[in-house]
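Now for the letters of each chain:
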Amino acid sequence: MKFFIDTANLNELKKAKMLGVLDGVTTNPSLIAKESICSNKNDVYKHYISICNFLEKNNGDVSAEVISTNYVDMIQEGETISLLHPKIVVKIPATENGIKTIQYLSKKKIKTNCTLIFSIGQALLAAKAGSHYVSPFVGRLDDISYNGLNLIKEIKTIYNYYHFDTKILAASIRHPLHIIECAKIGVDAVTSPLNIISCLINHPLTKIGLEKFLKDYKNKIC
Ligand code: G3P
């Protein structure tokens, strides 16, 4: 399973790289808006390039989202973003125009990530259109009392039936159990803020065990 980091922040990416969990990056317009260095479109595009250059040469991709909503503009923006760097995957929302755009871009061999997926129907149409990834939003479904992980399971089952190549990139991850459950389902990747991945490491018995090892050692060995 790949670990993607859901951020546009280079410091967070640096920490993820050191931990060895930087298989890719996903951004969205809200995450980009948090970065103080991005105040116009040119800054944003330059920032995408910096993120791409930060990844290992032969590994990982960066999802960069279009902000247009009509078909013609989405295509144009998608093509422009895709030319910024070979690592760019164009993130497109699961709307009718989005699905048409994905179909158009995938015919041109431009990789896409269909985002804001909240239903099996959206995931099916994104796969039919040739999207490289689908991003079902687990946490946002949980927020409205739907079971986000169930959606992931159902998409996985259906994609297996029909041998779709589209990869499941579980998004809107809110806590470490989301990551563990996604791993059990067998998703291709999860994208999450780094602090949630860090929570996977901590265990009270590890802390207690280590303290005892060190105490025993220091008591006997000078
Ligand atoms: O990048 C999309 C997604 O991961 C957003 O997560 O926490 O804003 O629902 P969240």
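Here the structure is a predicted model, which means the values were calculated and not measured. (Residues numbered from 1 in each chain as written. Predicted model: local features only at pLDDT ≥ 70, side-chain atom pairs only at ≥ 80, totals over all residues. Heavy atoms only, no water.)

Caption draft 1: Spotlight on the site of the ligand. Asp-6, Asn-28, Lys-91, Phe-137, Arg-140, Ala-171, Ser-172 and Arg-174 make up every residue found near the ligand. A distance of 2.5 Å separates an oxygen atom of the ligand from a polar atom in the side chain of Asp-6. A distance of 2.7 Å separates an oxygen atom of the ligand from a polar atom in the side chain of Arg-174. Notes on the ligand: free accessible area 310 Å², of which the protein chains cover 83%. (Near = heavy atom within 4 Å. Polar contact = N/O pair within 3.5 Å; in protein donor to acceptor, adjacent residues only side chain to side chain. Areas by Shrake-Rupley, 256 points an atom, 1.4 Å probe, with all protein chains shown as cover.)

Caption draft 2: Examining the nonpolar core more closely. One finds Ile-5, Leu-22, Cys-114, Ile-117, Ile-173 and Val-190 to be the most contacted residues of the largest nonpolar core, which totals 56 residues. If you tally residues by element for this core, the top one is helix α3 (residues 41–54), at 6 residues. Apart from the residues within four sequence positions on either side, Leu-22 is in contact with Phe-3, Ile-5, Leu-13, Ala-16, Lys-17, Phe-54, Leu-55 and Asn-59. In this structure, Phe-4, Val-89, Tyr-133 and Ala-189 belong to the second largest nonpolar core, which totals 5 residues. (Core = buried A, V, L, I, M, F, W, Y, C linked by side-chain atoms within 4.5 Å. Buried < 20%, exposed > 50% of the residue type's maximum accessible area, 1.4 Å probe, protein only. Helix = DSSP H or I, 4+ residues; strand = E, 2+ residues; numbered from the N terminus. Contact = heavy atoms within 4.5 Å.)

Caption draft 3: Structural view of unusual backbone geometry. We note that Lys-109 has phi near 65°; this positive angle belongs to a residue other than glycine. Structurally, Lys-109 is set in the loop between α5 (96–107) and β5 (112–117). Given the relative accessible area of 76%, Lys-109 is considered exposed. Of note, Leu-116 is a non-glycine position whose phi angle comes to about 60°, a positive value. Locating Leu-116 in the fold gives a position in strand β5.

Caption draft 4: Region of interest: the packing of aromatic side chains. Considering all chains together, one arrives at 5 aromatic pairs under this definition. Note on Phe-118 and Phe-137: the rings are 5.5 Å apart at their centroids and 70° apart in plane angle, and the pair reads as edge-to-face. Placement of Phe-118 in the loop between β5 and α6 (120–129) and of Phe-137 in the loop between β6 (133–136) and α7 (138–143) is noted, with a sequence separation of 19 residues between them. Judged by its relative accessible area of 31%, Phe-118 falls in the partly exposed class. When its relative accessible area of 7% is taken as the criterion, Phe-137 is described as buried. When the centroid spacing of 5.4 Å and the interplanar angle of 70° are considered together, the rings of Tyr-159 and Phe-164 count as edge-to-face. Classification of Tyr-159 by relative accessible area gives buried; the value is 4%. Given a relative accessible area of 22%, Phe-164 falls into the partly exposed group. Taken together, the ring pairs in this structure connect Tyr-159, Tyr-161, Tyr-162 and Phe-164 into an aromatic cluster. In this structure, Lys-17 packs its charged tip against the face of Phe-54, placed 4.2 Å from the ring centre. The side chain of Lys-100 reaches across the aromatic face of Tyr-71, ending 5.4 Å from its centre. (Phe/Tyr/Trp six-rings, centres within 6.5 Å; stacked < 30°, edge-to-face > 60°. Lys NZ or Arg CZ within 6 Å of the ring centre and 35° of its normal.)

No statement about biological role is implied by the geometric values presented.
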